[in-house]
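# Secondary and tertiary structure notes
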Amino acid sequence: MATRNKRRIVVVASSSAEVLPDEMLTEVFLRLPVKSILRFRAVCRSWAAVLSSEEFCGLHLEKAKAATTPKLFFTAPTTGFDAMALYLGSSSGPDDDLLFTLDDVCGDFVDMTPAPCHGLTLLFDSLAPAYYVFNAATRAVTRLPPCQDVYFATAGLGFDAQTKEFKVVRLFIGECFDKQHIKCEIHTLGGKHGDCWRPASQGVPFRFCRAAEGAVCHSIRDKLLPVFAGGFLHWFVHPSFALKRPRAGILSFSVTDETFRWVQSPPFVPPGVRFEVVDGHLGMVREREVSGLHLVELAGQLCMLRDLRNASRDCSMLEIWRLEDSGGWSLLHQIDLLQHLARDLIEAPIVKVIGSIGNCISKNKVVIVTSKRKVIVYDPVFDTLETILAIREAHSSYQTEQSAIRISLYQETIVPVHKTEEETALSTPLSKATREILLRLPGYYLVQFKTVCKQWLRLIENKSFVRSYYLQNIDTRPKIMLVGKGTRGSCFSFVPVTNLLQRTPSRDTWLDTKLVCSKPCHGMNLLSTEREDYLYNPCTGYRIVDHTREQPRNCPGDGYTLEDHSFSVGNKIVGLGFNLLKQEHVIVEIFYRWKDFKSRRYFLTCTIYSCNIGSVESSLIPPLPVNDMPPTYLEGVLYWMSDPRLGQSYERAIVSLDIATNTFGVVPCPSYIAKWNRSPCRAFVVELEGKLCAVLADQLAKELNIWKVENGRWERTHILQLEGWSSYSLGCAVVVPWAVYPKDGKILLNAGRKLGIYDPARQSIKSLYDLDELLRIKSTTESSGVQAGGRFQIKDKSSDKKWCRAWKPPFQQNKVSDVCATVHSSEEINPSYTEFMPLVPILYEESLASYPLVRKSRWLRR
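This one's a predicted model, so the numbers in the text were calculated from it and none came from an experiment. (Residues numbered from 1 in each chain as written. Predicted model: local features only at pLDDT ≥ 70, side-chain atom pairs only at ≥ 80, totals over all residues. Heavy atoms only, no water.)

### Some words on the nonpolar core
Where a protein is soluble and globular, its nonpolar side chains tend to be buried together. Core analysis: the biggest nonpolar cluster contains 51 residues, and Phe492, Leu527 and Leu749 have the highest contact counts within it. The residues touching Phe492, leaving out its near neighbours within four places in the chain, are Val483, Gly484, Lys485, Gly486, Leu511, Leu515, Leu527, Thr529, Tyr534 and Tyr536. By size, the runner-up hydrophobic cluster in this structure holds 44 residues, among which are Leu144, Trp197, Ile220 and Val237. (Core = buried A, V, L, I, M, F, W, Y, C linked by side-chain atoms within 4.5 Å. Buried < 20%, exposed > 50% of the residue type's maximum accessible area, 1.4 Å probe, protein only. Contact = heavy atoms within 4.5 Å.)

Structure follows, in structure tokens:
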């Protein structure tokens, strides 16, 4: 009796105490929203015990199922495609009613169950790949342990009524050399088997292998996850994926017994061949395939939608068939779209039923979604259609018709989501404190800390930690390093300028080849030599290599080696970009096979190498020829300045490449830059303060004109007067504006051998790094026989000449005589890139960006 009294609440009124019975208290709690229930758990231990009990969760779930108003949420990638946000269906755009954000879910390759399974939803990120289970009402999320990475896989979420456990069942096609080609594995949330994927108790019997393979292929093509109903997960096997062309069937899997079975599909005529008498002759007629067939769960029963809009021009019918307990099918609803003038349904290429509202299946309101991002409710009692939600265009500009349907039902339930052991370990106060400390350490320290323990290794390699580290260490002030020749098996070495200026560099670290470096792009830099291109993280020294191509001769296996081309300035232009959709770096190479400035004819190719997926795209052709300056990257797009000496146009323009879609475009230049008139002025594009800028280097006026595009319009932002600064002469070097200091508006200039900070107010340049001065100091210390900085001493002075020679490309070694010879030398020869430099400056970002050691292509479909 004492235990029972602890679970009661005392209400004070009129100086007298009254006790509410447990049953009445439970009824009050059942009528509260989920947010209030979660807060009330913290009132006292007795309330926490009641509100967390399995009995109360079950009662709350049944009450949520009886709701007559649909509760919806939809997903949309964030602006940078580095996270996935979930929004309430009561809003019409991605700026309202944010539920929560999945930081580890990147890109636009997401599949999601359209209706909850006992309050929980399964989400699959095919880019990772990774599975997530969450409760949209409580915002509780768990990421399942890693699974085998395969080309074709499909999974569904089910509930075992006997053990009261949630199970994620994954059906996939294994490797071709596996003895068992089709495999089935299960992960039980919070079960006795632990945080792991295990094979199904009886596997996939041989008689179901073909059906299982067809189910996987159909699920991937039409983005259809299996449907849970009556204790079974159901996959639809479309006839087009069946080898023997049987009638459309359904493959079912018992979540409790972990066994497969076959369910006959509705009596639809399968696609194939039939014979008819036409004009008195027996002829063979091929029937049209009925599209839009998919399974759905309505009030706990398995149903199938049949979209007949494409079967005939005059047909605008949707049919919903229900599976009876006897195994047969009956027509439940027949919706005539023309009768209701539902243009939202008629015009949409793809229409899906995601669930229903209510308890009586014959009177349930049916929820329909379209690829136009609209939600329509069908009322069978009044035979009406009503649009309840129209979602505005999200941040994504890469959505397809299939990927546009990311709308799901959810229930206001408090069903718990079991955390994995790794998530539990990382959520302890000690782990949180360790995480905050590690976020403040330099990247090269974190690389060493990976070997301390497994927990630190998992924490540092976690995608969420890598993303947080990058965002926390983004500094608007430019960070500069000097690149030299690597030692101890590394191709290159990276030293901050501040450290290197304290002592003169050792000759062992001087470069012995020409090197061109890109600006940082999501924590990575591209380093290009005469024959190879390397992808580096200067902060950690991380580098990757593609073993399918020729390795560097001086340090095999240490860099990312691309196709072997004869390298010359103006013939090979390489840029580094980032695919926002797939969240991976790409290397874009434009190569001139030949070009003739006299006839203005040319032939160039474009090749895109992806660094994570490992794909290669080589069938792209830029719309205009580009000059020899490296491209600039900005928000998923690479930009080049065109070359007006080639092609049909005598004006400059900017060539753009959308990396996610592999499509080229042309952006007009400011009229001041577009005019060429065979002038010796050099034009190129840069990124400054997050904006696309066009730069014109006027050698006669000795000034740099910088134009910025904003809201589709160009405006001139800076005019840099370089007269009187011989070190930054536009006739001797290409001066590139690298960055703008946010506080005072000063501009960092890179002239190859010199770095300086330009003050627009005083029109003066403060030297930041001078390679010639560094070499002069070194020459002085060598001639005096004094060790430089106490670090080294030159023994062989005769070998110094080879470190100071200038490398000349092939076209400079041969005599060139044509009508454009003068323009050729001024436009094409870039002294800062053709002249050899023992040390090259580079901008970098503090980042932990890296890629897995084993990269494998996956068939991704949005």
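Picking up after the structure, the text goes on.
### Notes on the sheet that holds strand 8 (residues 130-135)
Strand order in this open sheet of four strands is 6-7-8-9, and the pairing throughout is antiparallel. Edge positions in the sheet fall to strand 6 (110-112) and strand 9 (140-143), since each of these pairs with one other strand and no more. Adjacent strand axes in the sheet meet at a mean angle of 20 degrees, parallel and antiparallel pairs treated alike. Sheet topology places strand 7 (residues 121-125) next to strand 8; five bridges connect them, and they run antiparallel. Looking at the pairing, Phe124 lines up with Tyr131 of strand 8. (Pairing = 2+ DSSP bridges. Helix = DSSP H or I, 4+ residues; strand = E, 2+ residues; numbered from the N terminus. Axes fitted to C-alpha atoms, helices over the stretch in contact; angles between N-to-C directions.)

### Quick word on the packing of helix 4 (residues 45-52) against helix 5 (residues 54-65)
Where helix 4 contacts helix 5, the axes come no closer than 5 Å and their chain directions differ by 55 degrees. Classified by the angle their axes make, helix 4 and helix 5 are oblique. Contacts from Val50, Leu51 and Ser52 in helix 4 reach Glu54, Phe56 and Cys57 in helix 5. Considered class by class, the residues forming the contact of helix 4 with helix 5 number four nonpolar, one polar and one charged. (Parallel < 35°, antiparallel > 145°, perpendicular 65-115°, else oblique. Nonpolar A, V, L, I, M, F, W, Y, C, P; charged D, E, K, R; others polar.)

### Overview of helix 10 (residues 429-438)
For helix 10, every residue scored as buried is listed here: Ser431, Thr434 and Leu438. Buried residues along helix 10 cover an arc of 60 degrees about the axis, so they all sit on one side. Facing away from the buried side of helix 10 by over 90 degrees, the exposed positions are Pro429 and Ile437. Buried residues along helix 10 sit against helix 9 (421-426), helix 11 (443-449), helix 12 (454-461) and helix 13 (463-472). (Arc of directions from axis to C-beta.)

### Details of the pairing of strand 51 (residues 840-844)
Where burial is concerned, most of strand 51 is hidden: five out of the five residues are buried. Two elements, strand 29 (residues 479-485) and strand 51, share five bridges in a ladder whose sense is antiparallel. Across the sheet, the residue bridging to Ile480 is Leu843, located in strand 51.

### Topic: the pattern of salt bridges
Taken as a whole and judged by the stated rule, the model has 22 salt bridges. Between Arg170 and Glu185 there is a salt bridge, with its nearest N and O atoms 2.7 Å apart. Placement of the pair is Arg170 in strand 11 (residues 165-173) and Glu185 in strand 12 (residues 182-188), with a sequence separation of 15 residues. You'll find Arg170 and Glu185 in the same group, each marked buried. Lys746 serves as the salt-bridge partner of Asp744, at 4.0 Å between the closest nitrogen and oxygen. Put simply, Asp160, Lys167, Arg198 and Glu258 are held in one network by salt bridges that share partners. (Salt bridge = Lys/Arg side-chain N within 4 Å of Asp/Glu carboxyl O.)

### Here's the deal with the sheet that holds strand 49 (residues 754-759)
The sheet built from four strands is open, its strands ordered 47-48-49-50 with antiparallel pairing. Of all the strands in the sheet, just strand 47 (736-740) and strand 50 (764-770) have a single pairing partner and so form its edges. On average, each strand axis in the sheet is tilted by 30 degrees relative to the strand beside it, whichever way the strands run. Where strand 48 (residues 747-750) meets strand 49, four bridges bridge the pair, whose relative direction is antiparallel. Across the sheet, residue Asn750 finds its bridge partner in strand 49, namely Leu755.

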